[in-house]
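# Notes for the structure review
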Amino acid sequence: MSLSARETADGVRSGQRTTRSVVEEVFRRADEVGAGKDGLNIVLHEDREASLREADLRDGKSGASYLVNPNARPLKGVPVYVKDNIATTTLRTTCGSRILADYVSPYDATVVARLRKAGALIVGKTNMDEFAMGSSTENSAYGPTKNPIDPTRVPGGSSGGSAAAVASGMVRIALGSETGGSVRQPASFCGIVGVKPTYGRVSRYGLVAFASSLDQVGVFGRTVDDAALGLQAIAGPDPRDATSSPIEPQAYHAAQHDSLEGLVIGRPREYFPDSLDPRIRDICDQAIERLKSLGAEVCDVSLPHTSLAIPVYYIVAPAEASSNLARFDGVRYGLRLSGDGLEGMYEATRSNGFGPEVTRRILLGTYVLSAGYYDAYYRKAMAIRGLIRRDFEQVFAAGVHVLLTPTAPTTAFKLGAISDPYEMYMSDIFTATANLAGIPGMSVPAGAVEGLPVGVQFLASHFDEYRMFVAAYALERAIAGGAV
Amino acid sequence: MVVGLEVHVHLLTKTKLFCPCSTEFGATPNANTCPVCLALPGALPVLNEAAVRLAARAAYALGCTVHEDSVFARKNYFYPDLPKGYQISQFDRPLATDGRLALEDGADEARSVRIHRVHMEEDAGKSVHDRYAGSTAIDLNRSGTPLIEIVSEPDLRSAADAGAFLRRLKQILEYTEVSDANMEEGSLRVDANISTRGPGASTLGTKTEIKNMNSFSGVERALEVEFARQCALLERGERVVQQTMLWDAGSGTVRPARSKEESHDYRYFPEPDLPPLRLTREWLASVRTDLPELPAARRQRFVESFSLPAYDADVLTATRDLADYFEAVVASGAEAKVAANWVMGEVLARLKDAGIGIRELAARPAQLGVLLAMVRDGAVSHSAAKAIFAQMAKTGEDPAVIADREGLRQVGDDSQLSAWIDGVLAAHPDEAGRFLAGEKKLQGVLVGMVMKASGGKADPKKVNQLLAGRVAT
């Protein structure tokens, strides 16, 4: 999609282009890049005829009221792909799992309802690691998604399908979800922008839960502005989610006009260990230099509990997952396989319905919550989680506005290259902290290593996405302008 | 016998604990459901404040400390009528703790039971095994309806005390309008923990938990039966095994539950979908201020303000509605003891015969007050008043209207009474002669005859006076 989300909306609003032409372009591009199962395997569900009918309906309805008030439909005619763990009434919601193979939600997730209200069209559901458990989109029951930049490589995960849809130019905005880095890491691997908002900024109602205290819907954009518009449309309090915050969102797109004067950027030393790939370190340091030259103040900071993030994450997340995934029991919806009595039905359904990574995490989570182990694992992990959160709070309280770190320790790796779960888990080493602390983070393309994109990550204080966007807009502009 | 009770009580909210679905009883199966209480993927719970208010009210009525901070937790287990695979409950940070319920008014501590805790939780759905042959059907209308669990300390020492505890608890829950507390309809459920120890022993014996009772008397009987079983075991030198026993009301026996039904590791952990429950001091104070007069206080007031016997106060305060009715009768001018006798007599008899509650009684308290005033003023006889009330109770007509229509007003007019007396004396010359000659015991017979002649309308007091007057002359 050559036009930005903003240009598309303006064009449709002014009548320069029809919604139908926009949607046709999406499908044309999808066919061009091979978004289907035999190609990059980006899209799990779509209904092109229905999408075109919906486009025609929108075109027929173009009332003068929308012309008068563009704010009423900021995403008018903008096509959006949605990760397949976000409930939609129009397309299936399988979470990349066999256990929900034919499941259609009777309700729209709040984020989907808000996108539709903003004028966007949901053109398809994208591939993902099963129940968002993975960092490569290889754990999908429907086969892996391939990275559009190099189809021998993974797009990252778990929101790999949505990242690939944006990276391959099918759309400018796609929704993903984050539990430990599942938007930022694939954004880095695919060379696009990925935002994980503050926990509570975006409603989780309709996001199929993996780990409720960590999950947050995130946004991919081709550009920072695409991502800002997308986040703007879905953010804000929701009475259906008790963990959504009453704090109203800011106008993130306004951040493009702010200068960096007075902005304090912290460089946390724990995110630049000696073992870090020097080429990735260089890209981060170049980004820092660019921001400095634009007026930002940069200082070294320390987040001492960073190294505990992955162990803590792999206790808390599976614990919650083991409980959240209990509802997939074959009783009310989804897969049901018969077995010997009730227990047999449960066993047959769940052991065939869930893939190996999901099974592993359910077992892990069940173990850490069980009698006699709760204190040693879950309780202790929650205590350390508090320390990780405090690390950030202290740094931000000391006057730092935004942190800059690498998004991921590597570039996109080869499909099938990582078979050891623990090695795969380390992919989230720089991102999981933000989920544990509940703070916002985003990945912005900042360079490449051997032709593979590298993103830098901005982290900000709770509900301060705005300053993160100030830094991101500035970095994006600086890189596009070539200035160092 | 050492007994502690765990009582689950349905709260009288219009909607469920975590979604806006109706809690209405008896709807078409699965009609009162939504993505939240069906546990559809992606649905999230949102706490119903009305339920918290009722729970806090119950806790205060039980003398508990209600905590400003409490935490919802997930209790994890698989069951087909538990749609999420976990129940949202409270675990290590319950809503309220440390209450007390007296088994007798003004009782010393020995006759009261400590309340360990009161916490909130959601109910599960229902498995229906007898609807479709060879399959179990699931009805999730009840899924997510709000409950409180009230846990007593093991302070009960007899089955009768357990019954008294439950009856008093039910009364408090009804007075505070927290719950119907109807065990037969399932809005109150009781599990009983019981152990046995010898006289003077201070440590607790091994306990068993009895489930499946469906009436208060069932609880009492089940405790007796289980106590006897435990005693027999101990007397034979055997040990009581900690297990769950199921009461069978039909055969009056207990049997061990399958071990599967008891050995759960619920893997409790704080519910991440709900922030900790924070109640402000102001909010708690408002709940406390809004508490109605509780049964014990009302009983005491009835004895003191109305000079009623304790027995009467007990009967009249059995339900809040009945006590309100009685007080309204008194407020309309009736003398308290007279009103008490009527409410405990005619009114309760009518309710029992008609199988209705006091709210359905057509005769309103002010009308009963008028009727009692008519009796007091001699306008109607006591027996006519009963007849009038019987009609009022059905139709709600005013007593004067009924008295006039049915000709039940008492006649106290001397000339009319004298005419009836003359007639009777003339018709029965033998008795008349003997009576006038001084055979006083015949007066009663003659009064009866006059009453009969008057069709029951004559004021018997006046007839007596007039007859006595004739002898004197």
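None of these values were measured; they are calculated from a predicted model.

Let's shift gears to the overall build of chain B. Scanning chain B for helices and strands turns up 15 helices and 16 strands. Taking 2.2 N^0.38 as the reference for a compact globule, 473 residues should give roughly 23 Å; the C-alpha atoms of chain B span a radius of gyration of 30 Å, well beyond that estimate. Projecting the C-alpha coordinates of chain B onto the three principal axes gives extents of approximately 95 × 55 × 55 Å. Residues counted as buried form 48% of the 473 residues belonging to chain B. Sequence-distant contacts, at least 24 apart, represent 68% of the contacts inside chain B between residues at least 6 apart. Treating the 56 positive side-chain charges of chain B as one cloud and the 64 negative ones as another, the clouds have centres 1 Å apart.

Once that is clear, we can look at the side chain of Ser 187 of chain B. Residue and element names in this part refer to chain B. Mapped onto the elements, Ser 187 comes out in the loop between helix H2 (159-175) and strand S11 (188-195). A distance of 3.5 Å separates a polar side-chain atom of Ser 187 from the backbone nitrogen of Ala 181. In this structure, Ser 187 is in contact with His 8, Val 9, His 10, Ser 179, Asp 180, Ala 181 and Asn 182, ignoring residues within four places of it in sequence.

A separate point is the pairing of strand S11 (residues 452-460) of chain A. Residue and element names in this part refer to chain A. Summarising burial for S11: nine of the nine residues are buried, a large majority. Going residue by residue along S11, you find Leu 452, Val 454, Val 456, Phe 458 and Ala 460 tucked away on one face and Pro 453, Gly 455, Gln 457 and Leu 459 tucked away on the opposite face as well. Where strand S9 (residues 402-406) lies against S11, five bridges are found, and the strand directions are antiparallel. Counterpart to Thr 405 in the pairing with S11 is Gln 457. Pairing geometry for strand S10 (residues 441-449) and S11, over eight bridges, is antiparallel. Residue pairing in the sheet places Ala 448 in a bridge with Pro 453 of S11. Linking S10 to S11, which pair antiparallel, is a turn of two residues; within it Glu 450 sits at a positive phi near 50 degrees.

On to the sheet that holds strand S10 (residues 146-152) of chain B. Two strands in a sheet stick together by hydrogen bonds in their backbones, pointing the same way (parallel) or opposite ways (antiparallel). All names here are of chain B. Read across the sheet, nine strands follow the order S2-S6-S7-S10-S1-S11-S12-S13-S14 without closing on themselves; strand pairing throughout is mixed. Two strands lie at the open edges of the sheet, namely strand S2 (65-66) and strand S14 (253-256), each paired on one side alone. Bridge count for S11 against strand S12 (residues 208-211) is three bridges, and the pairing is antiparallel. Within S12, the position partnered with Asn 193 by the bridge is Glu 209. In this fold H2 packs onto strand S1 (2-10), strand S6 (96-102), strand S7 (112-122), S10 and S11, with an angle of close to 25 degrees to the strand it touches most, S1.

All right, on to the interface of chain B and chain A then. Put simply, an interface is often sized by how much accessible area is lost when its parts join up. Opposite the 32 residues of chain B that make contact, chain A presents 39 residues. In total, chain B and chain A occlude about 2800 Å² of area from one another, counting both sides; carbon and sulfur atoms represent 60% of this. On the chain B side of the interface with chain A, the three residues burying the most area are Pro 41, Phe 78 and Arg 267 of chain B, jointly 23% of the side's total. Summed over the shared surface of chain B and chain A, the number is one salt bridge. Among the salt bridges present, the one from Asp 273 of chain B reaches Arg 204 of chain A, with a minimum N-O distance of 3.0 Å. At the junction of chain B with chain A, the criterion picks out 17 residue pairs in polar contact (both at pLDDT 80 or more). Of all the elements in the fold, those that place two or more residues in the side of chain B that touches chain A are strand S4 (72-76) and strand S15 (269-270) of chain B. Grouping the amino acids of the side of chain B that touches chain A by side-chain chemistry returns 23 nonpolar, three polar and six charged.

We now examine unusual backbone geometry. Residues and elements named next belong to chain A. Cis geometry is adopted by the peptide bond preceding Ser 158, which originates at Gly 157 and carries an omega value of 10 degrees. One can find Ser 158 in the loop between strand S3 (121-126) and helix H6 (160-167). The backbone phi angle of Asn 41 is positive, close to 60 degrees, even though this residue is not glycine. Structurally, the position occupied by Asn 41 is in the loop between helix H2 (19-33) and strand S1 (43-45). Here Asn 41 falls in the buried class, since its relative accessible area comes to 3%. One non-glycine residue, Thr 137, lies in the positive phi region at around 60 degrees.

With that settled, consider the packing of aromatic side chains. By the definition in use, this model includes 26 aromatic pairs over all chains. With a centroid separation of 5.1 Å and 45 degrees between ring planes, the pair formed by Tyr 107 of chain A and Tyr 205 of chain A is classed as tilted. Within this pair, whereas Tyr 107 of chain A is found in the loop between strand S2 (79-83) and helix H5 (110-117), its partner Tyr 205 of chain A is found in the loop between strand S5 (193-196) and strand S6 (216-221), the two being separated by 98 residues in sequence. Ring centres 6.1 Å apart and planes at 65 degrees place the aromatic pair Tyr 266 of chain B and Tyr 268 of chain B in the edge-to-face group. The exposure class of Tyr 268 of chain B is buried, given its relative accessible area of 19%. Each member of the aromatic cluster is reached from another via a ring pair, and the members are Tyr 103, Phe 131, Phe 328, Tyr 333 and Phe 354 of chain A. Seen from the ring of Phe 272 of chain A, Arg 267 of chain A lies directly overhead, with NZ or CZ sitting 4.0 Å from the centre. Seen from the ring of Tyr 266 of chain B, Lys 75 of chain B lies directly overhead, with NZ or CZ sitting 4.4 Å from the centre.

Here chain B is partitioned into domain 1 (2-286), domain 2 (293-406) and domain 3 (414-472). The straight-line distance from the C-alpha centre of domain 1 of chain B to that of domain 3 of chain B is 68 Å.

A few words now on the sheet that holds S4 of chain B. Pairing is antiparallel across the open sheet formed by three strands, whose spatial order is S5-S4-S15 (chain B). Of all strands in the sheet, those bounded by a partner on one side alone are strand S5 (86-90) and S15 of chain B. Its contacts with the sheet place helix H10 (residues 309-324) of chain A against S4, S5 and S15 of chain B, and it is angled at close to 65 degrees to S4 of chain B.

Residues and elements named next belong to chain A. With their axes 7 Å apart at the nearest point, H10 and helix H12 (residues 356-369) run at an angle of 100 degrees to one another. Here H10 is positioned roughly perpendicular relative to H12, judged by the angle of their axes. Facing H10, whose interface residues are Tyr 314, Ile 315, Pro 318, Ala 319 and Ser 322, H12 presents Arg 361, Ile 362, Leu 364, Gly 365, Thr 366, Val 368 and Leu 369. Counted by class, the contact of H10 with H12 contains eight nonpolar, three polar and one charged residues.

All names here are of chain A. A cluster of nonpolar residues, Tyr 367, Tyr 373 and Tyr 377, forms a patch on the protein surface that exposes about 270 Å² of accessible area. With respect to the helices and strands, the residue Tyr 367 is situated in helix H12. Under the relative-accessibility criterion, Tyr 367 is labelled partly exposed at 38%.

All names here are of chain A. Mapped onto the elements, Tyr 81 comes out in strand S2. Tyr 81 gets classed as buried once you look at its relative accessible area, which sits at 0%. On a C-alpha basis, the gap between Tyr 81 and Asp 225 in space is 17 Å, while along the polypeptide they are 144 residues apart.

The next point concerns the domain arrangement of chain A. Residues and elements named next belong to chain A. When cut into domains, chain A gives domain 1 (5-256) and domain 2 (311-375). The C-alpha centroid of domain 2 is placed 28 Å from the C-alpha centroid of domain 1. Counting from both sides, the interface comprises 19 residues of domain 1 and, opposite them, 20 residues of domain 2. Both sides of the domain 1 and domain 2 interface together cover about 1600 Å² of buried area, and 65% of this is carbon and sulfur. The tally of links from domain 1 across to domain 2 stands at zero salt bridges. Counting every contact that joins domain 1 to domain 2 gives eleven residue pairs in polar contact (both at pLDDT 80 or more). Taken together, the residues that form the side of domain 1 that touches domain 2 break down as ten nonpolar, seven polar and two charged.

Each value, and the rule that gives it
Numbers given for residues are sequential positions, taken from 1 along each chain in its written order. Chains and ligands are labelled by the order in which they are written, letters from A for the one and numbers from 1 for the other. The model is predicted, so local features are restricted to residues of pLDDT at least 70 and side-chain atom pairs to those at 80 or more, both for listing and for counting; the totals for chains, interfaces and linings are taken over all residues. Only hydrogens and water are removed before side-chain values are computed, so all heavy atoms of the structure are retained for them. Each helix corresponds to a stretch of at least 4 residues labelled H or I by DSSP, and each strand to a stretch of at least 2 residues labelled E; elements are numbered beginning at the N terminus. Only the C-alpha atoms count toward the radius of gyration. The rule for a globule is 2.2 Å times the residue count to the power 0.38. Note on exposure labels: buried denotes an accessible area under 20% of the residue type's maximum, exposed denotes more than 50%, and partly exposed covers the range between, all computed with a 1.4 Å probe on protein chains only. Contacts were defined at the residue level, with two residues in contact if any of their heavy atoms lie within 4.5 Å. Counted as positive: Lys and Arg. Counted as negative: Asp and Glu, with His and the chain ends omitted from the count. Where a charge lies is defined by one atom per residue type, namely NZ (Lys), CZ (Arg), CG (Asp) and CD (Glu). Here a polar contact means two N or O atoms within 3.5 Å. Within protein one must be a hydrogen donor candidate and the other an acceptor candidate, and residues neighboring in sequence count only if both atoms are side-chain atoms. Strand pairing is assigned whenever DSSP detects at least two bridges linking the two strands. Axes, fitted as lines to C-alpha atoms, cover a helix only where it is in contact. Angles between the N-to-C directions of the axes lie from 0 to 180 degrees. Defined here as a combined quantity, buried area equals the accessible surface (1.4 Å probe) lost by two parts on assembly, summed across both. Salt bridges are defined by distance alone: a side-chain nitrogen of Lys or Arg within 4 Å of a carboxyl oxygen of Asp or Glu. Classification convention: Asp, Glu, Lys, Arg as charged; Ala, Val, Leu, Ile, Met, Phe, Trp, Tyr, Cys, Pro as nonpolar; all other residues, Gly among them, as polar. The pairing test for Phe, Tyr and Trp rings, Trp by its six-membered ring, is centres within 6.5 Å, and the orientation test on the planes gives stacked under 30 degrees, edge-to-face over 60, and tilted for anything in between. We count a charge as sitting over a ring when the NZ of a lysine or the CZ of an arginine lies within 6 Å of the ring centre and within 35 degrees of the ring normal. What counts as a domain boundary in this text is fixed by an automatic or database domain assignment. Any angle between 65 and 115 degrees counts as roughly perpendicular, while under 35 counts as roughly parallel, over 145 as roughly antiparallel, and the rest as oblique. In this scheme, patches are assembled from residues that exceed 30% relative accessible area and form no salt bridge. Like charges are connected within 9 Å, while nonpolar side chains (Val, Leu, Ile, Met, Phe, Trp, Tyr) are connected within 5 Å. Using a 1.4 Å probe, the Shrake-Rupley method yields the accessible areas, and only the shown protein chains count as cover for residues.

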